[in-house]
Amino acid sequence: MERNSAACAMQWSIELEKGLRSKKPGRSAEAILQFGPRLQQWSREPEPSSAAHHLFDLIPGEDRLFANAILLRLADTFRLGDDHIRRCVVKVFLSEYRCREKRKGYKGLLSKERVENQSELLTRVEFVFDNGDGNSRALALVIFGCWADFAKDSAHVRYLVLSSFVSSHALEAKAALFAAGCFCEVSDDFPCIVLELLVNLMTSSETSLPIKLAGARVFSKMGYSYSIANRAYKTGLKLLLDSLEEDYQIALLVSLSKLASTSTMLTSDQVEFLFSFLSQENTIRVRTTTLRCLCFIFSKGLCHFSVGPNLVQALFSTLDEPALPSNIQCEALWILRKMLLYMLPSLPSNILDHSKLLSIAENASPSLFMSKSLLATRVLVDMSIKFKEHGDFGSGLFCSSPTLSQLISLIINRITLLMKPLFDLGQADVVALKEVNNLLYLLLLMVGEHPELIALVLDQISTFIRNISNMHDIITTTQADILRHEKGMAMRLKVACKLHRFLLTFLENLSEAGTINMVVYDKVKLLVKQICEGNLFDCYTQTIYSLLLHSRVIWHHKLDESEDSCIFDRNSGMLLDNCSVGQELVSFKFAKKVLAENMNWSAYRVGSFSVCQGAWFVATFIFQQLITQVHSESCSCWLKSLFQFACSEAKLTLSLLTKRSSSLVDWLETMEFPLTLLRNDLGEMDLDGADNLNEPNYGKVLLGAYNSICSSKETLETAFTVGQSFCFQKWFLFLRAKVLRAVVDVLDTLETIPFVSESSSINEEVGKSFMVQCLQRIVQISLQLKRIAEEFDLVGASFIDIDNKSAKIISGLALSCSLVAFITGFTIFVPILPTASIARCPESSENILRAYLVQNLAGRLWQTDRETSEKLCQLIDLREQPDNRFCLLSGNQVFNISSEAREVIVLCSHAVSRIACLKIEAAREQSEENITGIIKDGLKLTFEILMKWMEIPFRTPKYFFRLRPSIGSELFAENVSEATNGLHISPGQHLSLNLCLQLKNLPLQSTKLYCMLRCGVSSIERKEEQCRSGFQAWETDEMVEMNKELFRYVTESESTSDNTMNINKRGCGIDDDREFVNSFVCFKLNERGIGFSGCSLDVSGFPTGSYRIKWHSCCVDNQGNYWSLLPLNAGPVFTIQ
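Model, not experiment: these values are computed from the prediction.

## Some points on the overall build of the protein chain
Line of reasoning, step 1. Broken down by element type, the protein chain carries 44 helices and 13 strands.
Line of reasoning, step 2. A total of 1137 residues make up the protein chain; the buried ones form 57% of that total.
Line of reasoning, step 3. When the accessible surface of the protein chain is totalled, it reaches about 48,000 Å², and 51% of it is carbon and sulfur.

Following this line, the structure appears as structure tokens:
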């Protein structure tokens, strides 16, 4: 548990005192400056609560005592020290002042409410002012300004500040103006006095220019209220118009822009005023400052005002002036873009000069700061998108503009122009590469809004690759320096990797929109062929490009349009693509070259990409070879785990392919692939030619894959037992293993069911009883799978930094589990089937179970397949709706399914339709013979869906390869009672706790955290369990349910109008005949993500023993999204004795 500033106060006070007493030269100044960051930290933290006092063993008021002592010690040092020491003290307070959040109500360490001895502090600084020279008085005035929150109330200090305005010492006068500005920020009456004195001071002919500039800066701090700001703005505007001094004008322009940004009512006037200064009558410096002021206002998002033609034309006029620096013209373009984004639909059609923008984009040279060409191109792209959104595309407003094809050609030509000198000279230019990224991003934006441009973009990319090849040919025939040639090759590879990432995102976006067709496939295939043929690119680049054609994103669309190149399996109804398998063999060949050239890091990247693309044979081979190439034990264990994971999925893939063709196996043997690793679990697959329902080999293959997944997880757990390393990876493998185990159990149960002939019946008691037991077992597994789907949801909500694509894959896996749960629970949707007494659990009612499974699946399909979702809801009656707690979802967790899960969606539609038919058939005739037939059909449907489910490629999120420390929270607890040592209470008492919740590995995105604590009679802890290590939060049975309860509490708390966040909530209940108690707590965090609170658990009815408190926490980010936080430590253990 990290100590907060209050807990460190005594130590800081001692260290400061030691430093100030030290005789070592410079040590005193060092000790003072060392306290600067500590003062900033302390000032940003709220005052400690009673829980914090108890957790850190502090006496109430102790922190204030030491804070007062430190401030007095610094004030005494300022009073008695020399000029250098005084400057150090001023730096400490000035650094704290500059870090404050202005106009949000200052509550820091130097606020009026937290400073005890205000008069003593002011007296010590006044002594320096009264007895020092001009420099000392200036330093004293600066300290008064930093202490403005309480110094403003002193009439004597006010007098000193105001009287120093006319000091003959320039530094003193400037310091007085600084202090006056600080007072104006926190006072409602002082600005009026200052404003009158400022006007006299600024208009006096005796006032020097430096003093005028310092006075101009005071205007920016007069935003305490709108009335004060309005009066100050008008006064400053008059002073600006009456002055002819350029430096003075510039200072006032900046100051008035800052002042106007505090009020939306002043912003419009200031923008119009600034545009009037863009005319060529003003100097370059004034116009440059004007543009920067406009950038400042627009960067604040203050753009809600009308734009006339003169404003736009004023910006366009600045783009033609060669006298203006390039970076200033870029700022003009940036402002123009901001204006167009907000106000394009309302602009007159005759004020947008598209030809000028196109000319800038084509002819501008790269800038060291920002690309003028890039900004002009971006403006054109934004215009095309905005016109499309408002239905104006193709209208007269855009007729004179460059066509979209011109824009695409312009972007590709610009990339070529940027890259050619880098290829020729072999130099790396970070700015140029960044601009290439931005240009490729613009292409993505354009294609997203204009799908008709897809083919053109791919053609232009192919042209670019050909141009790279031509550059290479020129270099190879005229090269004079081999080193320069090698550097040029390195630059080409970097650009090729950027293009690969672009194509990957490009294809994923097209797949989401459903716009990939045979034309796109052929063009991508041609582009990959350009990369893979010849010797221009290395084998790593060729491998990752070849894997593009293996991606489900690209080739499953080919299956939809052309079945000629595919094998159609009549039994399963699934298409098996020869192209995908053949493409993986090509990638395998390139991967072997990567390993042969000892490009181990590149090989690892290929393996990671192969896992994400589902190229399991390539991944298995690479990771197996890399295990022996690393010397670190941790790296070896990670690679071994990846090898076991890839091997498990390769077994499943091979079991499906070898059933139809032996060519893949023969080819893999010739390529020296370690097939023995996979064949052990295939066993009888090739020997079984019967296509009946009871195929034991499928269960055996799944069991082998399950064992490999478990081995992969155990490898990680054995190697990384300390801390919370590889949390996502372990949890992901844990859930994958649970899914495979559940499907294995379903297949094993199906195998034991005797399928009788048409003339047989199930009237015999033994047969009927056995049938009921098997069906009940399958329904139990169905409930397990539904819970696994909810665990996948929790995974997606527990990693705040997860990328969007990985989140979609996680949602797809949850949908897949929900489908299997639905189909294996088919018997509860046909009321006449013999499945009474399905389960002894809170949801044991068949009606509740039906609604439970239907809602879980229907909610996931609602956004992507509403028709199937509505059919699902028709399977249950409205009165069968379960309690709301069964269908709670995180606020950020709208079911966003990736396009690659469309096979699952199709399978869901098929399964729902078949179940609905079975239900109708059962209602039509309820004879025993009909029931037997329905059971047969239902079990056959279950097996059919499971077989098709197995053929859907398993997707691994890219986030799986993110190996940074896990984001989560840690909970620390202590007994409120000071009479006890540790968490011990007597029987019949409540457990009162002081709590500390601390965020780990996450920048602060929310100021509030919520936590739920739960303890039950069944949570009794044995001594050997209390010493356990390697806590894994996802292995607890109650994590999903606790997250649901916590989400309900958070939504209720956030929706309350009074926002009573400090009120904690307690509760109790019975779950599976076991008593438990709950407590919900809200924490207010400091800047380091640490919060303190307290709670009470009613454990008065618990018997003697030791109990572990289970806990779960969450946060709501600044966008209002709910995020679960992974518990990084086990809950506290308390003892009743």
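## Considerations on the side chain of Ser-255
Line of reasoning, step 1. Along the chain, Ser-255 falls in helix H14 (residues 246–260).
Line of reasoning, step 2. For Ser-255, the side chain forms a polar contact with the main-chain oxygen of Ala-216, separated by 2.7 Å.
Line of reasoning, step 3. Beyond its immediate stretch of four places on either side in the chain, Ser-255 contacts Ala-216, Arg-217, Phe-219 and Ser-220.

## Describing the sheet that holds strand S4 (residues 984–985)
Line of reasoning, step 1. Here we have 3 strands laid out as an open sheet, ordered S4-S13-S10, and mixed in their pairing. The open sheet terminates on both sides in strands that have one partner only, identified here as S4 and strand S10 (1105–1108).
Line of reasoning, step 2. In this structure, S10 lies alongside strand S13 (residues 1133–1136), joined through 4 bridges in antiparallel fashion. Looking at S13, one finds that Gly-1105 is bridged to Ile-1136.

## Topic: the pairing of strand S3 (residues 968–975)
Line of reasoning, step 1. Two strands pair when backbone bridges link them, and S3 and strand S5 (residues 991–1000) are joined in this way by 8 bridges, in the antiparallel orientation. Bridged to Glu-970 within S5 is Gln-998.
Line of reasoning, step 2. Here S3 pairs with strand S12 (residues 1122–1127) via 2 bridges, running parallel. Bridge pairing in S12 places Gly-968 opposite Leu-1126.

## Some thoughts on the packing of aromatic side chains
Line of reasoning, step 1. What the rule picks out here adds up to 30 aromatic pairs.
Line of reasoning, step 2. Here Trp-601 and Tyr-604 contribute two aromatic rings whose centre-to-centre distance is 5.4 Å and whose plane-to-plane angle is 20°, an arrangement assigned as stacked. Here Trp-601 pairs with Tyr-604, and both are found in helix H30 (residues 600–613), just 3 residues apart, close to one helical turn.
Line of reasoning, step 3. By way of ring pairs, the aromatic residues Trp-616, Trp-638, Phe-645, Phe-726, Phe-728, Trp-731, Phe-732, Phe-799, Phe-954, Tyr-959, Phe-960 and Phe-961 are connected into one cluster.
Line of reasoning, step 4. For Arg-79, the ring lying beneath its charged end belongs to Phe-127, and the centroid distance is 5.8 Å.

## Topic: the environment of Leu-324
Line of reasoning, step 1. On the secondary structure map, Leu-324 appears in the loop between helix H17 (309–318) and helix H18 (326–343).
Line of reasoning, step 2. Taking the relative accessible area as the measure of exposure, Leu-324 reaches 4% and is therefore buried.
Line of reasoning, step 3. The spacing of Leu-324 and Thr-288 is 36 residues in sequence and 7.9 Å in space, taken between C-alpha atoms.
Line of reasoning, step 4. Look past the residues within four positions of Leu-324 in its chain and what remains in contact with it is Ile-284, Arg-287, Thr-288, Thr-318 and Gln-329.

## As for unusual backbone geometry
Line of reasoning, step 1. Unlike most non-glycine residues, Asn-598 shows phi in positive territory, near 60°.
Line of reasoning, step 2. Along the chain, Asn-598 falls in the loop between helix H29 (578–596) and H30.
Line of reasoning, step 3. In this structure Asn-598 comes out as exposed when scored by relative accessible area, which is 57%.
Line of reasoning, step 4. The phi torsion at Phe-726 lies on the positive side, around 55°, for a residue other than glycine.
Line of reasoning, step 5. Position of Phe-726 relative to the elements: it lies in the loop between helix H35 (696–719) and helix H36 (727–752).

## A word on the pattern of salt bridges
Line of reasoning, step 1. Scanning the entire structure with this criterion turns up 39 salt bridges.
Line of reasoning, step 2. For the salt bridge of Arg-787 with Glu-1041, the shortest nitrogen-to-oxygen distance reads 3.9 Å. With a gap of 254 residues between them, Arg-787 in helix H37 (residues 765–798) and Glu-1041 in helix H44 (residues 1039–1055) connect regions that are remote in the sequence.
Line of reasoning, step 3. For Arg-787, a relative accessible area of 27% gives the class partly exposed.
Line of reasoning, step 4. A salt bridge links Arg-860 to Asp-793; its shortest N-O distance comes to 2.8 Å. With Arg-860 in helix H39 (residues 846–861) and Asp-793 in helix H37, this pair connects stretches of sequence that are 67 residues apart. Grouping residues by exposure puts Arg-860 and Asp-793 together as buried.
Line of reasoning, step 5. Here the residues in one salt-bridge network are Lys-786, Arg-787, Glu-790, Glu-1041 and Lys-1044, joined through shared partners.

## What to know about the packing of helix H5 (residues 83–98) against helix H7 (residues 134–146)
Line of reasoning, step 1. At a minimum axis distance of 9 Å, the contact between H5 and H7 shows a crossing angle of 25°. As the angle between them shows, H5 and H7 are arranged roughly parallel. The chirality of how H5 crosses H7 is left-handed. Only Asn-135, Ser-136, Leu-139, Val-142, Ile-143 and Cys-146 of H7 make contact with H5, whose side of the interface consists of Asp-83, Arg-86, Arg-87, Val-89, Val-90, Phe-93, Leu-94 and Tyr-97.

## Re helix H40 (residues 866–873)
Line of reasoning, step 1. When we look at burial in H40, the residues that qualify are Thr-868, Ser-869 and Leu-872. When H40 is viewed along its axis, its buried side chains cluster within an angular range of 100° and face the same direction.

## Description of the nonpolar core
Line of reasoning, step 1. By size, the foremost hydrophobic cluster in this structure holds 319 residues, and its most contacted members are Trp-147, Val-194, Met-419, Phe-506, Tyr-545, Trp-731 and Phe-792.
Line of reasoning, step 2. Counting residues per element, this core draws most heavily on H36, at 16 residues.
Line of reasoning, step 3. Each residue touching Trp-731, except ones within four places of it in the same chain, is listed here: Glu-791, Leu-794, Val-795, Ser-798, Phe-799, Trp-1034, Met-1039 and Leu-1126.

## What to know about the pairing of strand S9 (residues 1090–1097)
Line of reasoning, step 1. In terms of residue burial, S9 counts as a mostly covered element, since 7 of its 8 residues are buried.
Line of reasoning, step 2. Bridge count between S5 and S9: 8 bridges; the pairing is antiparallel. Within the sheet, the bridge partner assigned to Leu-991 lies in S9 and is Leu-1097.

## Notes on the packing of helix H10 (residues 170–186) against helix H12 (residues 209–218)
Line of reasoning, step 1. Packing of H10 against H12 brings their axes to within 9 Å, and their N-to-C directions diverge by 5°. As the angle between them shows, H10 and H12 are arranged roughly parallel. On H12, the residues touching Ala-170, Ala-173, Lys-174, Leu-177 and Gly-181 of H10 are Pro-210, Ile-211, Ala-214, Gly-215 and Val-218.

## Concerning the confidence of the model for the protein chain
The predicted structure's coordinates, where accompanied by low pLDDT, should not be read in detail.
Line of reasoning, step 1. In the predicted model, the protein chain carries a mean pLDDT of 80, and the fraction of residues at 70 or more is 79%.
Line of reasoning, step 2. Across residues 561–577, confidence stays below pLDDT 50; counting only partners more than four residues off in sequence or on other chains, it has 36 contacts.
Line of reasoning, step 3. The model gives residues 1057–1063 a pLDDT under 50, and that stretch makes 6 contacts with residues more than four places away or in other chains.

## What to know about H30
Line of reasoning, step 1. If you check H30, its first and last C-alpha atoms are 20 Å apart, about what 14 residues at 1.5 Å a residue would give, namely 20 Å.
Line of reasoning, step 2. Within H30, 11 of the 14 residues are buried, leaving the element largely enclosed by the surrounding structure.
Line of reasoning, step 3. Among the residues trailing H30, Gly-614 stands out with phi positive, at a value near 80°.

Analysis parameters
Residues numbered from 1 in each chain as written. Predicted model: local features only at pLDDT ≥ 70, side-chain atom pairs only at ≥ 80, totals over all residues. Heavy atoms only, no water. Helix = DSSP H or I, 4+ residues; strand = E, 2+ residues; numbered from the N terminus. Buried < 20%, exposed > 50% of the residue type's maximum accessible area, 1.4 Å probe, protein only. Areas by Shrake-Rupley, 256 points an atom, 1.4 Å probe, with all protein chains shown as cover. Polar contact = N/O pair within 3.5 Å; in protein donor to acceptor, adjacent residues only side chain to side chain. Contact = heavy atoms within 4.5 Å. Pairing = 2+ DSSP bridges. Phe/Tyr/Trp six-rings, centres within 6.5 Å; stacked < 30°, edge-to-face > 60°. Lys NZ or Arg CZ within 6 Å of the ring centre and 35° of its normal. Salt bridge = Lys/Arg side-chain N within 4 Å of Asp/Glu carboxyl O. Axes fitted to C-alpha atoms, helices over the stretch in contact; angles between N-to-C directions. Parallel < 35°, antiparallel > 145°, perpendicular 65-115°, else oblique. Left-handed = near helix turned anticlockwise from the far one by under 90°. Arc of directions from axis to C-beta. Core = buried A, V, L, I, M, F, W, Y, C linked by side-chain atoms within 4.5 Å. pLDDT = per-residue confidence, 0-100. Expected span 1.5 Å × (residues − 1).

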